[in-house]
Every structure is written in C-alpha cells, then in structure tokens.
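Structural characterization, general
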Amino acid sequence: MSTERLLTFTRDIIRLLETHPGEEQILTDGGKFLSTLVGNDDWLPEAYAQPHPQYYQQYLLYADPLDRLSIVSFVWGPGQKTPVHDHLTWGLVGVLRGRERETTYQKQENGTYKPTGNGVLHSGQTTAVSPAIGDVHEVANDLSDQVSISIHVYGANIGRVKRHVFDPATGEEKSFVSGYANNAVPNLWK
Ligand code: FE
C-alpha cells in the first residue's frame with residue numbers, strides 16, 4: 001500500500017495555497033484534488049483507518065507547520081456521528097470508504113439552529129464548508145453496520161482551533177478543540 005497518492009494531494013494543495021487563491025478557488029480546485037484522492041481507496045495506512053467502539057476517530061495525516069492546512073482521516077464506527085459544530089475556517093470533506101450523511105444548520109433570529117439541508121455522500125464524493133458558504137453542520141456515518149472513512153482538509157491546524165458545538169434546539173454553544181487520536185503521522189514518501 002503506497003502513500004504516494006497522499007503525497008501528491010498534499011503537494012497539489014500546498015502549491016495551490018502558494019498562489020494565494022480566494023476561498024472559492026480553494027474549495028473548487030482543492031475539491032478536485034480531493035476527489036482524485038478519495039477516488040481510490042488503496043492508500044490510507046491501516047493505523048489511520050481504525051475505528052473506536054465508542055467515538056469517531058480523527059487521525060492527523062499531515063499538518064502544515066505554518067498552520068495553513070491540515071489533512072485528517074475521520075473514521076466512523078457504525079452509526080457514530082458528530083454533534084452540531086462549526087469550523088471557523090474553510091474545509092473540504094471527501095468520502096473514502098462507506099457512506100456519510102451531512103445535515104447543514106443555519107442560525108435563526110431567535111438564536112436556535114435549524115436544519116437547512118441533508119445529503120448523503122458516497123465514496124468518491126466531496127463537499128465543502130466555510131464561514132462564507134455555511135459553516136455549521138452535523139456529520140454521521142450513514143451505515144449502521146459498517147465503518148465509514150472520510151478525508152477532511154481544513155485551512156488551519158484544526159486540532160488547535162477553538163471552535164463550537166451547538167445545541168440546535170436552544171442555540172447554546174460550547175467551546176471545544178478537537179485534537180487527534182494519533183501521535184505520529186504517516187510517512188508520505190514510503
Ligand atoms: Fe465538520
């Protein structure tokens with residue numbers, strides 16, 4: 001199993017960021033690179049594909065030392081899901097294995113959050129979030145009997161960003177920092 005595809009993706013997206021593109025271009029061009037990456041499920045090392053019986057796992061695959069981006073594998077056990085949350089930066093999501101369900105939310109005038117859309121992403125498909133296009137969502141494994149894995153790319157080291165989870169019914173928000181399950185990252189040159 002080769003991490004070459006991940007190296008190529010990382011290079012492509014850093015080269016893109018080096019051109020100082022607008023966010024729209026990052027999401028469009030970066031989304032194409034991510035589609036290519038998740039179009040083949042033959043490169044993610046096993047260590048970064050392990051589910052946890054209780055919690056969805058976030059494995060750091062690469063983080064830019066200048067905090068311009070981070071690449072994370074999300075491993076969802078059957079039925080696992082996130083709370084409603086924000087990112088405070090642009091993000092791209094591509095499903096590598098299984099199936100994912102995303103529900104987007106929008107803040108209402110009374111401070112609560114209402115679902116505004118709901119969609120299923122199959123393996124090979126991508127989606128995007130950002131404060132400009134909609135930053136609040138809930139993501140779940142759409143499979144009740146299998147692991148799903150998605151690759152997430154963010155415009156910051158997401159494991160160091162102080163952001164929020166929401167109770168959509170009351171609008172109550174809590175700060176959180178997500179962190180990573182792993183202490184070592186993959187060797188991209190192997
Ligand atoms: Fe998210």
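Scroll up for the structure.
Just so you know, these numbers come straight off a predicted model, no measurement behind them.

Right, let's talk about the nonpolar core for a bit. Here is a general trend for soluble globular proteins: nonpolar side chains tend to be buried in one another's company. With 27 residues, the main nonpolar core has I151 and V153 as its most contacted residues. For this core, the elements supplying multiple residues, two or more each, are α1 (4–18), α2 (23–38), β1 (57–63), β2 (70–76), β4 (91–97) and β9 (148–154). With six residues, α1 is the single largest residue contributor to this core. Discounting chain neighbours no more than four positions away, the residues touching V153 are F9, I13, L34, L69, S70, I71, W90, G91 and L92. Listed in part, the nine residues of the second largest apolar core include F74, W76, V139 and A156.

Right, let's talk about α1 for a bit. The terminal C-alpha atoms of α1, which comprises 15 residues, lie 21 Å apart, in line with the 21 Å expected from a rise of 1.5 Å per residue. Among the residues of α1, those classed as buried are L6, L7, F9, T10, I13, I14, L16 and L17. The elements touched by buried residues of α1 are α2, β1, β2, β4 and β9. Note on α1: the residue one or two positions beyond its end, H20, has a positive phi of about 50 degrees.

Procedures and definitions
- Residues numbered from 1 in each chain as written.
- Predicted model: local features only at pLDDT ≥ 70, side-chain atom pairs only at ≥ 80, totals over all residues.
- Heavy atoms only, no water.
- Core = buried A, V, L, I, M, F, W, Y, C linked by side-chain atoms within 4.5 Å.
- Buried < 20%, exposed > 50% of the residue type's maximum accessible area, 1.4 Å probe, protein only.
- Helix = DSSP H or I, 4+ residues; strand = E, 2+ residues; numbered from the N terminus.
- Contact = heavy atoms within 4.5 Å.
- Expected span 1.5 Å × (residues − 1).

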